[in-house]
Amino acid sequence: MTTTAIEPKILRPGNRVRYLKLIALFKISKGILLLVLGFSLLFLNTRTGWLDAISDWAADEILLKHSKAVVFLLGKLQDILAGGALHATGLLALFYAAVLFTEGIGVYLQKRWAEYFMVFATGALIPLEVRHIYHRPSIAAVAILLINCFIVWFLYRVLRREPAHVAPTTREVAVETH
């Protein structure tokens with residue numbers, strides 16, 4: 001496709017790839033942080049002082065005081081896993097880290113399925129982020145919300161703009177080789 005004057009600069013082919021790679025690295029770095037957090041929660045159970053501080057922080061971050069449904073579901077999850085809330089939170093962090101690694105690596109390799117996956121996975125979390133900002137406003141939460149909104153908007157525009165990969169015809173291949 002040819003670029004038009006109306007097209008934003010970030011959607012032009014060279015810039016688009018650069019932004020996709022930056023988004024992928026952002027997701028991979030979030031995955032690394034969650035991987036470290038998940039392993040810490042699973043294997044730091046001998047440090048009770050740290051565990052109390054971490055569990056209080058996690059309870060504040062996921063707004064346990066404001067959601068009876070979340071408290072109920074976490075209680076059921078605790079019963080099933082029989083390892084306590086910290087164990088469940090560690091497993092959840094490891095699962096989400098795997099999702100972030102899948103998104104990040106797929107988008108870095110410019111796989112179309114990963115772009116769709118990232119749009120849906122990131123877009124699904126935006127209402128939770130808005131709810132979090134409503135109950136506990138902070139600059140960091142607003143920044144994360146804005147970054148995720150940008151990611152969804154950008155990937156939506158990229159996916160809408162580019163048709164699914166179509167195999168080139170023999171004539172196109174012959175033209176490219178000469």
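See the structure above.
Now for a description of the structure that goes with this document.

Thresholds applied
Residues numbered from 1 in each chain as written. Predicted model: local features only at pLDDT ≥ 70, side-chain atom pairs only at ≥ 80, totals over all residues. Heavy atoms only, no water. Patch = residues over 30% accessible without salt bridge, like charges linked within 9 Å, V, L, I, M, F, W, Y side chains within 5 Å. Areas by Shrake-Rupley, 256 points an atom, 1.4 Å probe, with all protein chains shown as cover. Salt bridge = Lys/Arg side-chain N within 4 Å of Asp/Glu carboxyl O. Helix = DSSP H or I, 4+ residues; strand = E, 2+ residues; numbered from the N terminus. Buried < 20%, exposed > 50% of the residue type's maximum accessible area, 1.4 Å probe, protein only. Phe/Tyr/Trp six-rings, centres within 6.5 Å; stacked < 30°, edge-to-face > 60°. Expected span 1.5 Å × (residues − 1). Bend = angle between axes of the 7 residues up to and from the residue.

**Points about a nonpolar patch on the surface**
Taken together, the side chains of L25, I105, Y108 and L109 present a nonpolar region at the surface, about 380 Å² in accessible area. Mapped onto the fold, L109 is located in the loop between α4 (84–108) and α5 (112–135). Looking at L109, the relative accessible area reads 53%, which means it is exposed.

**Examining the packing of aromatic side chains**
Summed over the entire model, instances satisfying the criterion amount to 4 aromatic pairs. Relative to F154, the ring of Y19 has its centre 5.9 Å away and its plane inclined at 50°; by these criteria the two rings are tilted. With Y19 in helix α1 (residues 13–43) and F154 in helix α6 (residues 139–161), this pair connects stretches of sequence that are 135 residues apart. Residue class for F154 comes out buried when judged on its relative accessible area of 0%.

**Let's talk about the pattern of salt bridges**
All told, the structure shown has 1 salt bridge when counted by the stated rule. Here E103 and K27 are joined by a salt bridge, their closest N and O atoms 3.6 Å apart. Residue E103 is found in helix α4, and its partner K27 is found in helix α1; the two are separated by 76 residues along the sequence. Since its relative accessible area comes to 1%, E103 is described here as buried. K27 gets classed as buried once you look at its relative accessible area, which sits at 1%.

**Some words on α6**
Each full turn of the α-helix corresponds to 3.6 residues, which orients residues three or four apart in the same direction. Taking 1.5 Å per residue, 23 residues should reach 33 Å; α6 reaches 33 Å between its end C-alpha atoms and fits that length. Along α6, the residues that are buried comprise A141, L145, N148, I151, V152, F154, L155, V158, L159 and R161.

**With respect to α5**
Taking 1.5 Å of rise per residue, 24 residues should cover 34 Å, and α5 covers 36 Å from first to last C-alpha, within 8% of that figure. Approximately 30° is the largest bend angle found in α5, and it occurs at I126, with the proline P127 only one to four residues beyond. Among all positions in α5, only A114, E115, M118, V119, A121, T122, I126, E129, H132 and I133 are buried.

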